[in-house]
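So you can see what is in the structure, the chains are spelled out below.
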Amino acid sequence: MNSIVASLAGWGVNVAIALTALRTNLMRSILTTLGVMIGVFSVILAVAVGNGAQVSVTQQIATLGSNMAIVVPQPDSGSGPPRPNDRGRLTERDGQAILRQVSGVRAVAPQIRNSVQLVTPGRSATTQATGATPEYGVVSNINASEGRFLTKSDVGSAARVAVIGQTVSDKLFGDDSPVGQTIRVNRVPFTVVGLLESKGSNLGTDNDDQIVVPITTLRQRLLTTPTQGPDDVTLLFVGFEDEDALLAGQKEIKNLLRDRYRVQKGKINPFTVRTTTEIAETTGQVTQIFQAVLVAIASISLLVGGIGIMNIMLVSVTERTREIGLRMALGAKRSDIRNQFLVEAAVLCIIGGAIGLFLAMLAATIFQKVADFPAPVGIDTAIFSVAFSAVIGLLFGGYPAIRASRLSPIEALRSE
């Protein structure tokens, strides 16, 4: 117990000496910590931006819906974008077959998408129109905050009704309620029956910049390029009861469609089936690589800061040679001299790291407010950054500290 107390007391003395030395050369100490401060600032901000990208991707995928498979009529070759004549077909009948024959499916939402021009008296906008069925709201967890969503009656009668996103509402109606208003979609009058709940923006995509109309209406009145068949669709959203059903259902959908389109064994599927789980994993890997690259680039500044610490500590050893010789002459051990300079280097880096952490948290907060992009700085990141700063000090201060401890007391006292 006494040895532990004595050891702590010794380290406390080293910290006191280090702080005194830093105050003696205050300006030099401030300039020395700049390298570490900038390095820690860069690394933490890079980690925060990377974490923010992962959060944004997760949020964006969540807007699609959970436990969902997306079936697209394009070859699943994995060899780049398909050629126009390679494009496959999907129909509403395929969706009905999936609903009947694939286990665990709770709803199938066929869709057709097309860019449209919207006009109201004195205002206009261009947006994406989604031709859908009521199941689209079920699968994608989309609800109307005002009015109502599409109904089976709307689809059956090809009604000229629309449910619009918040961005579209702001462009066309400002602060007024859009429900009950009339808009012209590609010169065709539509009645707005609902306002979609706001989904916000993710990674530059405005999820509220859209309108949803009955799939039959879009096919008959708004398509600029007619489909090959009377019930062709752009894609199918397939909602499953749970994740286990999703994983099993993805293979069942592929097998079912291969049978329906008589795809021979060994031939490439003329369609792609992706799940929200796969999309999340893929985008997660991309953002992790992005984050790793940012951290690697930012770490260069930490390396430069560490070299600056070593340089200044070597200068400090040279300037304080007589002090070292005097301490040795009074009974200080070589380990005491070594620890003194190690502590001094560590204190320099910890101070720089703490300032860099504060500036990074401030910058992340400003970035979140100005850019509306999440940049979280976790407690673990904060603790790690300060601890890593201390390690940088110990590593780059090690050589100067060892060099100081190996000085000959007699030669040190003779120096001027």
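Residues numbered from 1 in each chain as written. Predicted model: local features only at pLDDT ≥ 70, side-chain atom pairs only at ≥ 80, totals over all residues. Heavy atoms only, no water.

Caption draft 1: Quick look at the pattern of salt bridges. Per the stated rule, a full pass over the model turns up six salt bridges. Of the charged contacts in the structure, one is a salt bridge between Glu92 and Arg219, with a shortest N-O distance of 3.0 Å. Note that Glu92 is positioned in helix H3 (residues 92–101) and Arg219 in helix H7 (residues 215–222), a separation of 127 residues in sequence. Taking relative accessible area as the criterion, Arg219 reaches 17% and is therefore assigned buried. As a salt-bridge pair, Arg93 and Asp231 come within 2.8 Å of each other at their nearest N and O atoms. Separated by 138 residues along the polypeptide, Arg93 in helix H3 and Asp231 in the loop between H7 and strand S11 (235–240) bring together distant segments of the chain. (Salt bridge = Lys/Arg side-chain N within 4 Å of Asp/Glu carboxyl O. Helix = DSSP H or I, 4+ residues; strand = E, 2+ residues; numbered from the N terminus. Buried < 20%, exposed > 50% of the residue type's maximum accessible area, 1.4 Å probe, protein only.)

Caption draft 2: How the structure looks around a negative patch on the surface. A contiguous patch of negative charge, built from Glu241, Asp242, Glu243, Asp244 and Glu281, is present on the exposed surface. Secondary-structure assignment places Glu241 in the loop between S11 and helix H8 (243–260). Using a relative accessible area of 55% as the deciding quantity, one classes Glu241 as exposed. (Patch = residues over 30% accessible without salt bridge, like charges linked within 9 Å, V, L, I, M, F, W, Y side chains within 5 Å. Areas by Shrake-Rupley, 256 points an atom, 1.4 Å probe, with all protein chains shown as cover. Lys, Arg positive; Asp, Glu negative; His and termini not counted. Charge placed at Lys NZ, Arg CZ, Asp CG, Glu CD.)

Caption draft 3: A look at the packing of aromatic side chains. Taken as a whole and judged by the stated rule, the model has one aromatic pair. For the ring pair Tyr136 and Phe237, a centre distance of 6.1 Å and an interplane angle of 45 degrees mean the geometry is tilted. Taken together, the residues Tyr136 in helix H4 (residues 135–140) and Phe237 in strand S11 connect sequence positions 101 residues apart. Like Tyr136, the residue Phe237 is buried in the burial classification. (Phe/Tyr/Trp six-rings, centres within 6.5 Å; stacked < 30°, edge-to-face > 60°.)

Caption draft 4: Region of the structure containing the packing of H3 against H8. Here H3 crosses H8 at 130 degrees, and the two axes come no closer than 11 Å. As far as their axial angle goes, H8 and H3 are oblique. As for how H3 packs across H8, the hand of that crossing is right-handed. On the side of H3, the interface is formed by Arg93, Asp94, Ala97, Ile98 and Gln101, while H8 contributes Glu252, Ile253, Leu256, Leu257 and Arg260. Across the contact of H3 with H8, the residue classes break down as five nonpolar, one polar and four charged. (Axes fitted to C-alpha atoms, helices over the stretch in contact; angles between N-to-C directions. Parallel < 35°, antiparallel > 145°, perpendicular 65-115°, else oblique. Left-handed = near helix turned anticlockwise from the far one by under 90°. Contact = heavy atoms within 4.5 Å. Nonpolar A, V, L, I, M, F, W, Y, C, P; charged D, E, K, R; others polar.)

Caption draft 5: Representation of the side chain of Thr275 in the model. Here Thr275 shows up in strand S12 (residues 272–275). Residue classification places Thr275 among the buried positions, given a relative accessible area of 1%. Among the polar contacts made by the side chain of Thr275, one reaches the main-chain amide nitrogen of Glu278 at a distance of 3.1 Å. Excluding its chain neighbours within four sequence positions, the residues that come into contact with Thr275 are Met68, Ala69, Leu246 and Gln250. (Polar contact = N/O pair within 3.5 Å; in protein donor to acceptor, adjacent residues only side chain to side chain.)

Caption draft 6: Structural detail: the confidence of the model for the protein. For the protein, mean pLDDT is 81; residues scoring 70 or higher make up 87% of the total. Within the protein, the element-level pLDDT minimum falls on helix H1 (residues 2–24), averaging 59, and the maximum on strand S5 (residues 161–164), averaging 96. This model gives residues 79–86 a pLDDT under 50, and the stretch forms three contacts once residues within four places in sequence are excluded. (pLDDT = per-residue confidence, 0-100.)

Caption draft 7: Just helix H10 (residues 321–329), in detail. Listed in full, the buried residues belonging to H10 are Thr321, Ile324, Gly325 and Met328. Taken around the axis of H10, the buried residues stretch over an arc of 100 degrees, which confines them to a single face. Immediately downstream of H10, the backbone of Gly331 shows phi near 110 degrees, a positive value. (Arc of directions from axis to C-beta.)

Caption draft 8: Up close: the environment of Val212. Summarising the element assignment, Val212 is placed in strand S10 (residues 210–214). Expressed as a C-alpha distance, the spacing of Val212 and Leu195, which sit 17 residues apart in the sequence, is 9.9 Å. With residues up to four places along the chain from it excluded, the contact list for Val212 reads Thr130, Ala132, Tyr136, Phe149, Leu150, Val161, Ala162, Val163 and Leu196.

Caption draft 9: A look at H7. Here H7 lies mainly inside the structure; six of its eight residues are buried. Among all positions of H7, only Ile215, Thr216, Thr217, Leu218, Arg219 and Leu222 are buried.

Caption draft 10: Here's a closer look at the pairing of strand S7 (residues 188–196). In terms of burial, S7 is largely enclosed, as seven of its nine residues are buried. In terms of strand pairing, S5 meets S7 through four bridges, oriented parallel. Note that in S7 the partner of Val161 across the bridge is Thr191. In this sheet, S7 lies alongside strand S6 (residues 182–185) in antiparallel orientation, the contact comprising four bridges. Each bridged residue has a counterpart across the sheet, and for Thr182 the counterpart in S7 is Thr191. In this antiparallel pair of consecutive strands, S6 and S7, the connection spans two residues, and Asn186 shows a positive phi of 50 degrees. (Pairing = 2+ DSSP bridges.)

Caption draft 11: Quick look at a nonpolar patch on the surface. Where nonpolar side chains cluster on the molecular surface, the patch consists of Ile351, Ile355, Phe358, Leu359, Leu362, Ile366 and Val370 and spans about 640 Å² of accessible area. Relative to the helices and strands, Phe358 resides in helix H11 (residues 334–371).

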